[in-house]
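For reference, the chains in residue letters:
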Amino acid sequence: MNNLLSASKQKFTKSARILNSADYRRITGPGRKSVSPHFLLFVLVGTDGSEPRLGMTVSKKVGNAVVRNRIKRTIREFFRKNRFRLDPSFECVVIARPRAGKSSSAELTISLSKLFRSYEH
RNA sequence: AGAGUGGGCUGGGUGGCCGCUGGUGUUAUGCUGUUUGCAGAUUUUAACACUGGAGGAAAGUCCGGGCUCCAAAAAGCAAGAUGCCGGGUAACUCCCGGCGGGGGCAACCCUAGGGACAGUGCCACAGAAAACAGACCGCCGGACUAGUUUAUCUUCCGGUAAGGGUGAAAAGGUGCGGUAAGAGCGCACCGCGUUUUCCGGUAACGGAAACGGCAAGGUAAACCCCGUCUGGAGCAAGACCAAAUAGGGGGACGUUUAGGGCUGCUAUGUCCAGUUCCCGGGUAGGUCGCACGAGGUGCUUGGUAACAAGUACCCAAGAUGAAUGGUCACCACCUGACUAGCAAUAGUCAGGAACAGAACCCGGCUUACAGGCCCGCUCUUUUU
RNA sequence: GCGCCCGUAGCUCAGCUGGAUAGAGCAUUUGGCUACGAACCAAAAGGUCGGACGUUCGAAUCGUUCCGGGCGUA
């Protein structure tokens, strides 16, 4: 039963993404900030919300389009697999730093898991 | 076999699990209407099923067009682009064929290649002289007999451009004749030129003849002249729907104790504030534009070719804080190590696998690229 | 998408338009001055002029193209 529930929560639909410029500003402003060599993480845990939501920013300084897409896919994949551990009102924005462009996907996944550990339950 | 040269194709595959996104269908749900049974739509959200989902350069944004809006009689000016000839195309800084020039033994490659008697500018250093040519050293003749011992040298006048040295470039090259010395001064061959003629070619141009003793440097990727082309902006174009807040226009109320101004005051009237209703513009946001097009593939015909015409079949991504992925296994490829083997090779382990991500669409150009495959041609060597 | 600018010594720049010596300041090194140092004085070294191709007798400069960096605007 528990297994089935976690499997159903591995989806990552449009409602779980932050798509609005206003939402980005709402989170990156007052949100809690944490840093790793590869990423910046802004977190805002509110009171209401149906599911954890993710936004991300990868600027042109990080690399060319292929590199940027790879980083975004890695972040998205990590969030999709670990989403069921987070609070339903959890909202975050991940910003990639220039060093992330030179790192492998496995290194990025390790870096992300360290950043998200304190918010999991 | 080696070296070289031109062109074309490809850009890992199969399967399991978990995902993203477009389309279609079914079910449920939301919305609107409602006679509470249901019905409707340009269909909200989810689940399930089927099905589509990056490139040869999607890149750089260097050109050309379609499309949309704005402007606009045409032409011209300005500015920019372009430049051998002919053809192709919607168009082109593109492509095809040819010509001239340059490089290479050759296959083949490179070539912004109109005009320098329309005008202006520039050409350092060196050198006598660098642009209406000129005369330093020379060569030759003469003069005064000026200096000096004849010779010779110096000085002056004149004729020359053969030789010298400088330079990227200095009034065509070689030979013979000729001359005081020389010189296209004359001749032969080569080169060059021609508003000449003939032949071939649509043309650029090529060939031949005749004539000219030979024309007065280079630079136009210096300004410029001549011919040709170009209206401007771009899908964040543009069309539609449309919150919140602020503001605009119009209508009604504006009264009894209830705001302010106007005629001296009051009443009345009127204007404003205020309240309320309606309207349009418009921001966030959303929908369309937006995937059937100068479309692709095959065949036939015309053409050397680029390409065109005809015909048959096919529909092949559509995201928008931006999808096309992650992971595991196997196979194929490459590299290294180890083991077996004389060797070819086989097995195990580890690693590698390029350049790069659609953003309105199309035609080119340019640049990047691991590896693999195919075809044509040239030269050298060897064998038959 | 459109438009524009800049790459020259370790650093900041000039020279480019209008072609012929690659220069200035700071920094570095050496010498002098000083008891020693700073400052000062003198000298030296340091450059594929972002790369490639072309035009030209000759390219930092002109043309084409690529690379890197930056800015404006809707």
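Use the structure listed above.
Here the residue numbers are simple positions, counted from 1 along each chain's written sequence. Each chain takes a letter, starting from A, and each ligand takes a number, starting from 1, following the order in which they are written. Reporting of local features is limited, given that this is a predicted model, to residues whose pLDDT is at least 70; pairs of side-chain atoms are given and counted only at 80 or more, and all residues count toward the totals for whole chains, interfaces and linings. Side-chain numbers here rest on the full set of heavy atoms in the structure, without hydrogens or water.

1. Description of the overall build of chain A
The test is simple: Note on conventions: DSSP H or I runs of at least 4 residues are helices, E runs of at least 2 residues are strands, and numbering of each starts at the N terminus. The contact rule is simple, with two residues in contact once any of their heavy atoms fall within 4.5 Å. Under the convention used here, a 1.4 Å probe and the Shrake-Rupley method define accessible areas, while residue burial counts only the protein chains that appear.
From N to C terminus, chain A includes four helices and four strands. Ordering the α and β elements of chain A from the N terminus gives α-α-β-β-β-α-β-α. With the C-alpha coordinates of chain A rotated into their principal frame, the extents come out at 40 × 30 × 25 Å. Counted over contacts in chain A with a minimum sequence separation of 6, partners at least 24 positions apart contribute 83%. Roughly 7300 Å² of accessible area belongs to chain A as shown, and the carbon and sulfur atoms make up 54% of that amount.

2. Looking at the sheet that holds strand 1 (residues 32-35)
How we decide: Strands are labelled as partners when DSSP assigns at least two bridges between them. Convention adopted: a line fitted to C-alpha atoms gives each axis, helices being fitted over their contacting stretch, and angles between N-to-C directions are expressed from 0 to 180 degrees.
The sheet built from four strands is open, its strands ordered 1-2-4-3 with mixed pairing. Each having just a single partner strand, strand 1 and strand 3 (53-57) make up the two edges of the open sheet. Averaged over all pairs of adjacent strands, the angle between strand axes in this sheet comes to 20 degrees, irrespective of strand direction. The sheet contact formed by strand 1 and strand 2 (residues 39-45) spans four bridges and is antiparallel. When the sheet's bridge partners are listed, Val-35 is paired in strand 2 with Leu-40. Running over the sheet, helix 3 (residues 65-82) touches strand 2, strand 3 and strand 4 (90-96) and is turned about 165 degrees from strand 3. With respect to the sheet, helix 4 (residues 105-116) is in contact with strand 1, strand 2 and strand 4, its orientation differing from that of strand 2 by roughly 35 degrees.

3. Description of the protein's contact with RNA strand B
We apply this condition: What makes a residue near a molecule or strand is one non-hydrogen atom of that residue sitting within 4 Å of it. We call two N or O atoms a polar contact when they sit within 3.5 Å, provided that within protein one can donate a hydrogen and the other can accept it, with sequence-adjacent residues counted only if both atoms are side-chain atoms.
Around RNA strand B, the surrounding shell holds 22 residues, and the nearest of these are Gln-10, Ile-18, Thr-57, Arg-73 and Arg-80. Near the protein, within 4 Å, the atoms of RNA strand B are sugar or phosphate in 66% of cases. Within the contact set of RNA strand B, a phosphate oxygen lies 3.5 Å away from a backbone nitrogen or oxygen of Ala-65. In the model, a base nitrogen of RNA strand B is placed 3.4 Å from a nitrogen or oxygen of the Asn-69 side chain. Among the secondary structure elements, those contributing two or more residues to the surface near RNA strand B are helix 2 (21-28), strand 3 and helix 3.

4. Focus: the pairing of strand 3
Our working definition: Three exposure classes are used, based on accessible area relative to the maximum for each residue type with a 1.4 Å probe and protein chains only: buried under 20%, partly exposed in between, and exposed over 50%. By convention, orient the strands away from the viewer: a clockwise path from the first strand over the helix to the second makes the crossover right-handed.
The buried fraction of strand 3 is high, at four of five residues. In terms of strand pairing, strand 3 meets strand 4 through five bridges, oriented parallel. Residue pairing in the sheet places Leu-54 in a bridge with Cys-92 of strand 4. One crossover worth recording links strand 3 to the parallel strand 4 by way of helix 3, and it is left-handed.

5. Some words on helix 3
Note the threshold: In this analysis, the expected span of each helix is defined as 1.5 Å times one less than the number of residues it contains. Working definition: the arc comes from the directions between the helix axis and the C-beta atoms, pointing outward to the latter.
Its 18 residues place the ends of helix 3 26 Å apart at the C-alpha level, agreeing with the 26 Å of an ideal helix rising 1.5 Å per residue. Among the residues of helix 3, those classed as buried are Val-67, Ile-71, Thr-74, Ile-75, Phe-78, Phe-79 and Asn-82. Buried positions in helix 3, seen along its axis, are confined to an arc of 125 degrees and lie on one side of it. Among the exposed residues of helix 3, those oriented more than 90 degrees off its buried face are Val-66 and Arg-73.

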